[in-house]
Amino acid sequence: MTGPFCLATLFMIILFLSPPLQCQDSIPEIHVTFSSKSRSINQVLDEITLQTGYNFTYNAGLITGKQRVQFSVDSLLLEKALDSLLQDPQFAYRLIDRNIVIYKKNEFVPIPINLENNRFILKGRVLDSRSRKPLPYATIALFGTNLGSISNQEGDFSFKIPQILSDPLLVVSYMGYKQMLLPVSYPAEEEINILLEREMVPLQEVIIRYADPELLLSEALNRIPSNYMDDHATMTAFYRESVKRNDHCMVYSEAVLDVAKGPYPQNSTGDRVRIRKGRKITDVSTKDTVLIKLRSGIYTSLSLDVIKDRPDFLTENFLNWYDLEFTDLMTYGDRLVYVISFRQKSHIQGLLFRGQLYLDQEHLALLAADFEYNPELIHKEPGLFLVSSSTKIRIRPTLARYHVDYRETDGKYHVSQVRAEVELKVRKRRQWIGARYRISIEMAITDVIPGERLRINAADRVNPRTVLSDEPFQFDPSFWGIYNIIKPEASLMESIQRLEYNLQEINE
């Protein structure tokens, strides 16, 4: 077994910002023809899309797409046709790649968080347009900047937008769904719902573009030097970690980090991190918090960058250990994505992985990977997930799942989002019923400066063995200022509030 995963476990998220998009304020001088006595605005826009090849996006709060209209034009310029359809001189248009964004220019200045932080907070939820089910870990990026965040497990997000941007535009992405370009209107609603539509790949595309999975992965590995970032970068990250015993949160801690990201060639300089701001809260009344010490920590999380620290399924000898299968063709934004499944060969007795790899059809860059330790064998290797433990307890790992995303900036990819989740069953000797421990770590890179090399002094550098929950931080609810964070889930907020209450009771 190779790679960093024999050393650690975690649940971590690193932001997956959207691919770079090209923007201009004027729309093409294309003529359209249309005649109908009673069609909805959505149907008219769909017909214009068929004629022009351009898609339309807008805030549903500004335009009632189901409204029926009488609309007839004959060889009229596209912009004038849209003016005639929408009948509102305040509407403006922005062309982004093959998308025309319809929006109203803002006349109001948003209210900042406070006088010191010139940011406006936008809150919302990302949902499937049909089922209305939340889409966890959707990417929310601010167009024209390197700022971004992600939705949490419940699809909720909060995003801090610089007040200086008069007409900001969010780019919302999710694997297998159409990318949403959402203009932000002021004054904003208290909370917005962002509805993403599934995007199906036509059958002929699946047939035409089928390829041998072994050849695809081999070529993807060969292209790593040309596809991935070969220079340093400075990143800002939001990080959080927690430990739960059954359904009880024992530790919750979070921080804003400066990350000095090294280039991708193997054996290059490792990544370095310093903590800019941090806080934690701990249920000190829990009696067994020191029985086991689960492996986690900031450096452990960064080691899940599988292009830089490659596990065995991304080495040249992957065929020695794994069987591959081409299982799907899907979309991400405007990209076609190959999905390759892998699992360890049946004759191998040791603990390996299984999962899916998502390869960009054009460049064969790894866009994402979902993988986990073989659930049938993971119970044999409890030592993978522990720093130390008492001889008086028995530990049985039940799952260890991971996810990583990559993002393209200036033609080169770099790590963007990673998640993982580990669960163990723990019981003391002579106990019939034990406890279930779950550790989670999340990290969201909220800003990136490619080509900038950040120097972090040795005294400020986070030690590779550091577990954030061991650090002496105070929990402060109004802590983060201008930084984007992952919005805590409702269940997590309840746990934090219980922890705060317990601490108050103890201190009194």
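Residues numbered from 1 in each chain as written. Predicted model: local features only at pLDDT ≥ 70, side-chain atom pairs only at ≥ 80, totals over all residues. Heavy atoms only, no water.

Asker: Sorry if this is basic, but what is going on with the overall build of the protein here?
Answerer: Across its full length, the protein carries seven helices and 25 strands. The 508 residues of the protein split such that 53% are buried. (Helix = DSSP H or I, 4+ residues; strand = E, 2+ residues; numbered from the N terminus. Buried < 20%, exposed > 50% of the residue type's maximum accessible area, 1.4 Å probe, protein only.)

Asker: How should helix H2 (residues 78–86) be read in this particular structure?
Answerer: Structural remark: α-helix, 3.6 residues per turn; residues separated by three or four positions point the same way. Leu78, Ala81, Leu82, Leu85 and Leu86 are the residues of H2 that are buried. What you see down the axis of H2 is that its buried residues fit within an arc of 120 degrees, all on one side. Following H2 by one or two positions, Gln87 has its phi on the positive side, about 55 degrees. (Arc of directions from axis to C-beta.)

Asker: Just checking my understanding: could you explain the sheet that holds strand E11 (residues 169–173) for this structure?
Answerer: Judged by pairing direction, the sheet is antiparallel, and its four strands sit side by side in the order E9-E8-E11-E12 without closing on themselves. Here the strands that pair on one side only, and so sit at the sheet edges, are strand E9 (148–150) and strand E12 (180–183). Strand-to-strand twist in this sheet, taken as the mean axis angle between neighbours without regard to direction, amounts to 20 degrees. Where E11 meets E12, four bridges bridge the pair, whose relative direction is antiparallel. Residue Leu170 lies in a different strand from E12, and its bridge partner there is Leu182. (Pairing = 2+ DSSP bridges. Axes fitted to C-alpha atoms, helices over the stretch in contact; angles between N-to-C directions.)

Asker: Would you explain a positive patch on the surface in this entry?
Answerer: Together, Arg394, Arg427, Arg429 and Arg430 line one region of the surface with positive charge. Structurally, Arg429 can be placed in the loop between strand E24 (412–428) and strand E25 (435–450). When its relative accessible area of 47% is taken as the criterion, Arg429 is described as partly exposed. (Patch = residues over 30% accessible without salt bridge, like charges linked within 9 Å, V, L, I, M, F, W, Y side chains within 5 Å. Areas by Shrake-Rupley, 256 points an atom, 1.4 Å probe, with all protein chains shown as cover. Salt bridge = Lys/Arg side-chain N within 4 Å of Asp/Glu carboxyl O. Lys, Arg positive; Asp, Glu negative; His and termini not counted. Charge placed at Lys NZ, Arg CZ, Asp CG, Glu CD.)

Asker: It is not clear to me how the confidence of the model for the protein should be interpreted in this structure. Could you clarify?
Answerer: Keep in mind that low pLDDT regions are not for reading the predicted coordinates in detail. With 81% of its residues at a pLDDT of at least 70, the protein reaches an overall mean of 80. When mean pLDDT is taken per element in the protein, strand E20 (residues 353–360) scores highest with 96 and strand E17 (residues 292–294) scores lowest with 49. For residues 1–19, every residue scores under 50 in pLDDT, and the model assigns this stretch 116 contacts once sequence neighbours within four places are set aside. Ignoring residues within four places in sequence, the model shows residues 469–477, a span with pLDDT below 50, making 26 contacts including any to other chains. (pLDDT = per-residue confidence, 0-100. Contact = heavy atoms within 4.5 Å.)

Asker: I would appreciate a short explanation of the environment of Leu217 in the present structure.
Answerer: Mapping Leu217 onto the fold places it in helix H4 (residues 213–222). In the structure, Leu217 is positioned 99 residues away from Glu316 in sequence and 9.3 Å away in space, judged by C-alpha atoms. Contact partners of Leu217, with chain neighbours within four places excluded, come to Phe313, Leu314, Phe318, Leu324, Ile340, Leu357 and Leu359.

Asker: Help me understand the pairing of strand E10 (residues 156–162), please; the structure alone is not making it clear to me.
Answerer: For a regular strand, side chains alternate in direction, first toward one face of the sheet and then toward the other. Across the seven residues that make up E10, a large majority, seven, are buried. Residues Asp156, Ser158, Lys160 and Pro162 of E10 are buried on one face, and the alternating residues Phe157, Phe159 and Ile161, pointing to the opposite face, are buried as well. Relative to E10, strand E7 (residues 119–128) is paired through seven bridges, and the arrangement is antiparallel. Residue Lys123 lies in a different strand from E10, and its bridge partner there is Ser158.

Asker: Please explain the packing of aromatic side chains as it appears in this structure.
Answerer: Remark: the centre distance and the inter-plane angle together describe each pair of aromatic rings, the angle taken between the planes. Evaluation of the coordinates by the stated rule reveals 16 aromatic pairs. On the numbers, 5.5 Å between centres and 85 degrees between planes, the contact of Tyr322 with Phe342 is edge-to-face. With Tyr322 in strand E18 (residues 322–332) and Phe342 in strand E19 (residues 335–344), this pair connects stretches of sequence that are 20 residues apart. Summarising the burial analysis for this pair, Tyr322 and Phe342 share the class buried. An aromatic cluster is present here, built from Phe313, Tyr322, Phe342, Phe353, Phe371, Tyr373 and Tyr402 joined pairwise through their rings. Here Arg94 stacks its cationic end above the ring of Tyr103, 5.1 Å away from the centre of that ring. One Lys or Arg, Lys104, reaches over the ring of Phe91 and ends 5.3 Å from the middle of that ring. (Phe/Tyr/Trp six-rings, centres within 6.5 Å; stacked < 30°, edge-to-face > 60°. Lys NZ or Arg CZ within 6 Å of the ring centre and 35° of its normal.)

Asker: I keep staring at H4 and nothing clicks. Help me out?
Answerer: Those residues of H4 that sit buried are Pro213, Leu216, Leu217, Ala220 and Leu221. Along the axis of H4, the buried residues cluster in a sector spanning 130 degrees; they form a single face. Residues of H4 that are exposed and angled more than 90 degrees away from the buried face: Leu215 and Asn222. Of the residues that open H4, the one with a side-chain oxygen 2.9 Å from the backbone nitrogen of Glu214 is Asp212. (Polar contact = N/O pair within 3.5 Å; in protein donor to acceptor, adjacent residues only side chain to side chain.)

Asker: Where do I start with the packing of helix H1 (residues 41–52) against H2 in this structure?
Answerer: Pairs of packed helices are described in terms of their axes, by the angle between the two and the distance that separates them. In contact at an axis separation of 12 Å, H1 and H2 are set at 170 degrees when each is read in the N-to-C sense. When the axis of H1 is compared with that of H2, the two are roughly antiparallel. Here Ile41, Val44, Leu45 and Ile48 of H1 lie close against H2, whose contacting residues are Leu78, Leu82 and Leu85. Residue composition of the contact of H1 with H2, by class: seven nonpolar, no polar and no charged. (Parallel < 35°, antiparallel > 145°, perpendicular 65-115°, else oblique. Nonpolar A, V, L, I, M, F, W, Y, C, P; charged D, E, K, R; others polar.)

Asker: Explain the sheet that holds strand E13 (residues 192–196) here, please?
Answerer: Strand order in this open sheet of three strands is E10-E7-E13, and the pairing throughout is mixed. The strands lining the two open edges of the sheet, one partner per strand, are E10 and E13. Shown here is a sheet whose adjacent strand axes are inclined to one another by a mean of 40 degrees, direction ignored.

Asker: Help me understand the side chain of Thr331, please; the structure alone is not making it clear to me.
Answerer: As for its placement among the helices and strands, Thr331 is situated in strand E18. Looking at Thr331, its side chain comes within polar contact range of the side chain of Glu199, at 3.2 Å.

Asker: Teacher, can you tell me more about the side chain of His414 here?
Answerer: Note that His414 resides in strand E24. Among residues more than four places away in sequence, those in contact with His414 are Met229, Met235, Tyr264, Asp405, Tyr406, Arg407, Thr409 and Val448.

Asker: I keep staring at the environment of Leu367 and nothing clicks. Help me out?
Answerer: Along the polypeptide, Leu367 turns up in strand E21 (residues 366–373). A residue is classified by how much of its surface remains accessible, and Leu367, at 2% relative accessible area, is buried. When near neighbours in sequence (up to four residues on either side) are disregarded, Leu367 contacts Arg335, Val337, Tyr358, Asp360, Val404, Asp405, Tyr406 and Tyr413.

Asker: Could you clarify how one ought to interpret the nonpolar core in this entry?
Answerer: Judged by nonpolar contacts, the single largest core of 67 residues is most densely connected at Tyr228, Leu366, Phe371, Tyr373, Phe385, Tyr402 and Tyr406. Sort the elements by how many residues they give to this core and E24 lands first, with seven residues. Counting 24 residues, the second largest nonpolar core, distinct from the first, contains Leu45, Leu85, Phe91 and Ile100. (Core = buried A, V, L, I, M, F, W, Y, C linked by side-chain atoms within 4.5 Å.)

Asker: Would you mind showing me how to read unusual backbone geometry here?
Answerer: Leaving glycine out, the prevailing phi sign among residues is negative, and the prevailing peptide bond configuration is trans. Look at Gln87: it is not a glycine, yet its phi comes out positive at around 55 degrees. Relative to the helices and strands, Gln87 is located in the loop between H2 and strand E5 (91–96). With a relative accessible area of 62%, Gln87 lands in the exposed category. A positive phi angle, near 55 degrees, is found at Asp410, a position not held by glycine. For Asp410, the location among the structural elements is in the loop between strand E23 (393–409) and E24. A residue is classified by how much of its surface remains accessible, and Asp410, at 68% relative accessible area, is exposed.

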